[in-house]
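Descriptive structure summary
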Amino acid sequence: LKIIHTNKQEGKVTVALDSESMGQITAQFYVTQKDIKATVVLDSEENKKVLIDNSEKLTEQLKEIRSSVDIRYAAQSDMDTNKFLYGDADSGQSERSVKALYQTARQFIQFLKGIEIS
């Protein structure tokens, strides 16, 4: 989990993990005062389809944080999760915005856990 917050009242959350049932997953969420935009990349088309089939639930959970949510899904078989976690430097922080970033990451991880259980 990597959180980057800029001084412009926006930030980025990057989540990269290996799931036993879903394989490698990376997600980048861009959170502003008004919306959340995300790209979720999985290591197979099959796992991508599972997330797309359940995407309405994630969207509703994220709408509790920001009213506008746009999530794009992709599959990439040669994905390297470490590449997604390293490279950007942290900058200034606002407690309110950092809270929204953590909430976004938490909702995504809980969503994934729910899919693994079902």
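Residues numbered from 1 in each chain as written. Predicted model: local features only at pLDDT ≥ 70, side-chain atom pairs only at ≥ 80, totals over all residues. Heavy atoms only, no water.

**Some remarks on the environment of leucine 62**
Within the secondary structure, leucine 62 sits in helix 2 (residues 55–62). A C-alpha to C-alpha distance of 6.5 Å links leucine 62 and threonine 104, two positions 42 residues apart in sequence. Here leucine 62 is in contact with Phe29, Ile36, Val69, Ile71, Thr104 and Gln107, once residues within four sequence places are set aside. (Helix = DSSP H or I, 4+ residues; strand = E, 2+ residues; numbered from the N terminus. Contact = heavy atoms within 4.5 Å.)

**Details of the pairing of strand 3 (residues 23–31)**
By the criterion of burial, strand 3 is predominantly enclosed, with 7 of the 9 residues buried. Summarising the sheet, strand 2 (residues 11–19) and strand 3 pair through 9 bridges and their orientation is antiparallel. The partner of alanine 16 across the bridge, within strand 3, is threonine 26. Between strand 2 and strand 3, which pair antiparallel one after the other, the connecting turn spans 3 residues. (Buried < 20%, exposed > 50% of the residue type's maximum accessible area, 1.4 Å probe, protein only. Pairing = 2+ DSSP bridges.)

**Brief notes about the pattern of salt bridges**
Close approach of charged atoms lets side chains of opposite charge pair. As enumerated under the stated definition, the model contains 3 salt bridges in all. For lysine 49, the salt bridge goes to aspartate 53, with nearest N and O atoms at 2.9 Å. With lysine 49 and aspartate 53 both in helix 1 (residues 45–53), this residue pair falls 4 residues apart, about one helical turn. Exposure remark for aspartate 53: the relative accessible area of 53% places this residue in the exposed category. (Salt bridge = Lys/Arg side-chain N within 4 Å of Asp/Glu carboxyl O.)

**Examining the nonpolar core**
Most often, soluble globular proteins have nonpolar side chains that are buried together. One finds Phe29, Val40, Leu51, Leu62, Ile71 and Phe108 to be the most contacted residues of the largest nonpolar core, which totals 25 residues. At the level of elements, strand 2, strand 3, strand 4 (35–42), helix 2, strand 5 (68–75) and helix 4 (95–117) are the ones that each hand at least two residues to this core. Considering each element in turn, this core owes the most residues, 7 residues, to helix 4. Setting aside residues no more than four positions away along its own chain, isoleucine 71 makes contact with Ala38, Val40, Leu58, Thr59 and Leu62. (Core = buried A, V, L, I, M, F, W, Y, C linked by side-chain atoms within 4.5 Å.)

**Some details on helix 1**
Here helix 1 has its buried residues at Asn47, Lys48 and Leu51. Angular distribution of buried residues about the axis of helix 1 spans 105°; they occupy a single face of the element. Set apart from the buried face of helix 1 by more than 90 degrees, the exposed residues are Glu45, Glu46, Lys49 and Asp53. (Arc of directions from axis to C-beta.)

**What to know about helix 2**
Working note: α-helix, 3.6 residues per turn, so residues spaced by three or four point in the same direction. Turning to helix 2, its buried residues are Ser55, Leu58, Thr59, Gln61 and Leu62. Buried residues of helix 2, viewed axially, fall in a sector of 160°; they line one side.

**Quick word on the confidence of the model for the protein**
Across the protein, the average pLDDT comes to 82, with 75% of residues at 70 or higher. Low pLDDT, under 50, characterises residues 88–95; the predicted model gives this stretch 15 contacts beyond four residues in sequence or across chains. (pLDDT = per-residue confidence, 0-100.)

**Focus: the pairing of strand 4**
For strand 4, the tally of buried residues reaches 6 of 8 residues, placing the bulk of the element in the interior. Judged from the 7 bridges that link them, strand 3 and strand 4 form a sheet pairing that is antiparallel. Opposite isoleucine 25, over in strand 4, you have leucine 42 as the bridge partner. The antiparallel pairing of strand 3 with strand 4 creates a hairpin that spans 3 residues between the two strands. Sheet topology note: the strand 4/strand 5 ladder contains 8 bridges and is parallel. By the bridge assignment, alanine 38 is partnered in strand 5 with isoleucine 71.

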